[in-house]
Amino acid sequence: MGKSIAVIVSAVLIGSLGAILVTLQSAPSRLAAAVNSPSDPVIAAAGDIACEPTMNSNINGRQAGQTCHMQATSDLLMAQRFEAVLALGDLQYEDGALVKFQKSYDLTWGRVKAITHPAVGNHEYGTPGAAGYFSYFGGAAGAKDKGYYSFDIGAWHLIALNANCTKVGCQAGSAQEQWLKADLAKHPAKCTLAYWHQPRFSSALHGNNAATDAFWQDLYQAGAEIVLNGHDHDYERFAPQTPAAIADPQRGIREFVVGTGGKSLYPFIKVQPRE
């Protein structure tokens, strides 16, 4: 399939909060008309989701402002039938303890747990080894000492990575990077979408993160189409680009930052090129 696949992406928002919907569609070209076939898998994705259980009085979004709307964003997921939900990290604030997952995340996004494919965020590691996260999601989160895995949906190959690079290596030659390279080699004919928590490029609070450059290098060389991230609490999309942030409309990767799962929102700090 490769670059002959058109991926239709739309942001469904409540105010400025919401989830990103991705239709994994086979089409004659990258510029194909955005007409969904009934057989096209549709997935939803967002990160930065559930507030502390002590803030559960706001679980239905009653608080003024843009805080603790995990119930409202999860209602978006319940309103449609999705093939899968990609949870892009920082799923349970502030430290990812299991009891907090059970008392906050589980009451909202936990309603679609059966179809959720999570990525681990930095807040999950507020509990040693991200133990609460791995206990809550079980085998769906990958091996406890790794937190990275891959799977297929339709004609697409999806890869969940762990960008907590001080916990598991991200650099070239690390066990994770070597696994990624091997996984990509095993799926050369698949259209590829990768996702993890901390974005390589971002215009908001955390900015660009070079720690995940090796991921981008491998994905770009393999012809991957899309990267999804969270971490910065906003919605941002980039035109196709190389790992060096050079425009490449023919084979570049399009990155989306979707940190709009409900916790709160960040403003842009410095708008990056190709945003």
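That block above? That's the structure.
The notes below deal with the structure included here. Everything numeric here is computed off the predicted structure, so don't read it as measured data.

Focus on the packing of helix α4 (residues 175-186) against helix α5 (residues 213-222)
Part 1 of the reasoning: At a minimum axis separation of 10 Å, α4 and α5 run at an interaxial angle of 10°. By the angle between their axes, α4 is roughly parallel relative to α5. When α4 is examined against α5, the residues Q176, E177, L180, K181 and L184 are found in contact with a partner set consisting of A214, F215, D218, L219 and A222.
Part 2 of the reasoning: For the contact of α4 with α5, the class distribution of residues is six nonpolar, one polar and three charged.

Considerations on the nonpolar core
Part 1 of the reasoning: One finds L86, Y105, L193 and Y195 to be the most contacted residues of the largest nonpolar core, which totals 47 residues.
Part 2 of the reasoning: With near-sequence residues (within four places) excluded, Y195 lies in contact with L86, L88, H117, P118, A119, Y149, F151, I159, A160, L161 and L228.
Part 3 of the reasoning: Formed by 19 residues, the second largest nonpolar core is a distinct cluster that contains Y148, C170, L180 and V227.

Some details on the sheet that holds strand β7 (residues 156-160)
Part 1 of the reasoning: Taken in spatial order, the six strands make up an open sheet running β6-β7-β8-β9-β11-β10, and their pairing is mixed. Strands at the two margins of the open sheet, each flanked by one partner only, are β6 (149-153) and β10 (235-237). Each neighbouring strand pair of the sheet contributes to a mean axis angle of 15°, computed without reference to strand direction.
Part 2 of the reasoning: Pairing of strand β9 (residues 226-229) with strand β11 (residues 254-258), which is carried by four bridges, proceeds in the parallel orientation. Bridge pairing in β11 links V227 to E255.
Part 3 of the reasoning: The sheet contacts of α4 involve β6, β7 and β8 (191-195), and relative to β7 the element is tilted by about 175°.

Looking at the packing of aromatic side chains
Part 1 of the reasoning: For the structure shown, the criterion picks out 13 aromatic pairs.
Part 2 of the reasoning: For the ring pair Y136 and F137, a centre distance of 4.8 Å and an interplane angle of 85° mean the geometry is edge-to-face.
Part 3 of the reasoning: A ring pair is formed by W196 and F215, whose centres lie 5.2 Å apart and whose planes are at 70°; its orientation type is edge-to-face. Of the two residues, W196 sits in the loop between β8 and α5 while F215 sits in helix α5, which places them 19 residues apart along the sequence.

Remarks on the pattern of salt bridges
Part 1 of the reasoning: Summed over the entire model, instances satisfying the criterion amount to seven salt bridges.
Part 2 of the reasoning: Of the charged contacts in the structure, one is a salt bridge between E94 and K263, with a shortest N-O distance of 3.9 Å. Residue E94 is found in the loop between β4 (84-87) and α2 (98-105), and its partner K263 is found in the segment after β11; the two are separated by 169 residues along the sequence.
Part 3 of the reasoning: For the salt bridge of K146 with D145, the shortest nitrogen-to-oxygen distance reads 3.6 Å.
Part 4 of the reasoning: Judged by relative accessible area, K146 falls into the partly exposed class, the value being 32%.
Part 5 of the reasoning: Accessibility expressed as a relative area gives 56% for D145, which makes it exposed.
Part 6 of the reasoning: Bridged by salt links that share partners, the residues E52, D95 and K100 form one connected network.

Things to note about α4
Part 1 of the reasoning: Compared with the 16 Å implied by 1.5 Å per residue over 12 residues, the 16 Å span of α4 between its first and last C-alpha is a close match.
Part 2 of the reasoning: Among all positions in α4, only Q176, E177, L180, D183 and L184 are buried. Down the axis, α4 shows its buried residues gathered within 125° of arc, on one side only. Every exposed residue of α4 that faces more than 90 degrees away from the buried side is listed here: A175, A185 and K186.

Some details on the state of the cysteines
Structurally, a disulfide amounts to a covalent bond that connects the sulfur atoms of two cysteines.
Part 1 of the reasoning: Throughout the structure, instances matching the rule amount to two disulfides.
Part 2 of the reasoning: The disulfide partner of C51 is C68, and the gap between their sulfur atoms is 2.2 Å. Looking down the S-S bond of the C51 and C68 bridge, the torsion is -105°, so its handedness is left-handed. Here C51, found in the loop between β3 (42-46) and α1 (70-79), pairs with C68, found in the loop between β3 and α1; they are 17 residues apart in sequence, far enough to count as distant.

Scoring rules and cut-offs
- Residue positions are given per chain, counted from 1 along the sequence in the order it is written.
- For this predicted model, a pLDDT threshold of at least 70 governs which residues receive local features, and a threshold of 80 or more governs which side-chain atom pairs are given and counted, while totals over whole chains, interfaces and linings are taken from all residues.
- Water and hydrogen atoms were dropped before computing side-chain values, which therefore reflect all heavy atoms in the structure.
- What counts as an axis is a line fitted to C-alpha atoms, over the stretch in contact for a helix, and the angles between N-to-C directions run from 0 to 180 degrees.
- We count a stretch as a helix when DSSP gives it H or I for four or more residues in a row; a strand needs E for two or more, and each element gets its number in order from the N terminus.
- Under this scheme an angle from 65 to 115 degrees is roughly perpendicular, one under 35 degrees roughly parallel, and one over 145 degrees roughly antiparallel; angles in between are oblique.
- Contacts are residue-level and defined by heavy atoms, with any inter-residue pair within 4.5 Å sufficient.
- Each residue receives one of three labels: charged for Asp, Glu, Lys and Arg, nonpolar for Ala, Val, Leu, Ile, Met, Phe, Trp, Tyr, Cys and Pro, and polar for the others, Gly being one of them.
- As used in this record, nonpolar core signifies buried Ala, Val, Leu, Ile, Met, Phe, Trp, Tyr and Cys residues forming a set joined through side-chain atoms within 4.5 Å.
- For every residue, the accessible area obtained with a 1.4 Å probe (protein chains only) is divided by the maximum for its type, and the residue is called buried under 20%, exposed over 50%, and partly exposed between those limits.
- Two strands qualify as a pair provided that DSSP identifies no fewer than 2 bridges between them.
- Two aromatic rings, drawn from Phe, Tyr or Trp (for Trp, its six-membered ring), form a pair once their centres lie within 6.5 Å of each other, and the interplanar angle then sorts them: stacked below 30 degrees, edge-to-face above 60, tilted otherwise.
- The working definition used for a salt bridge is a side-chain nitrogen of Lys or Arg within 4 Å of a carboxyl oxygen of Asp or Glu.
- A helix is expected to reach a length of 1.5 Å times the quantity of its residues less one.
- The arc in question is traced by the directions running from the helix axis to the C-beta atoms.
- Working definition: a disulfide is two cysteine sulfur atoms within 2.5 Å of each other.

Shape is all these values report; function is a separate question.
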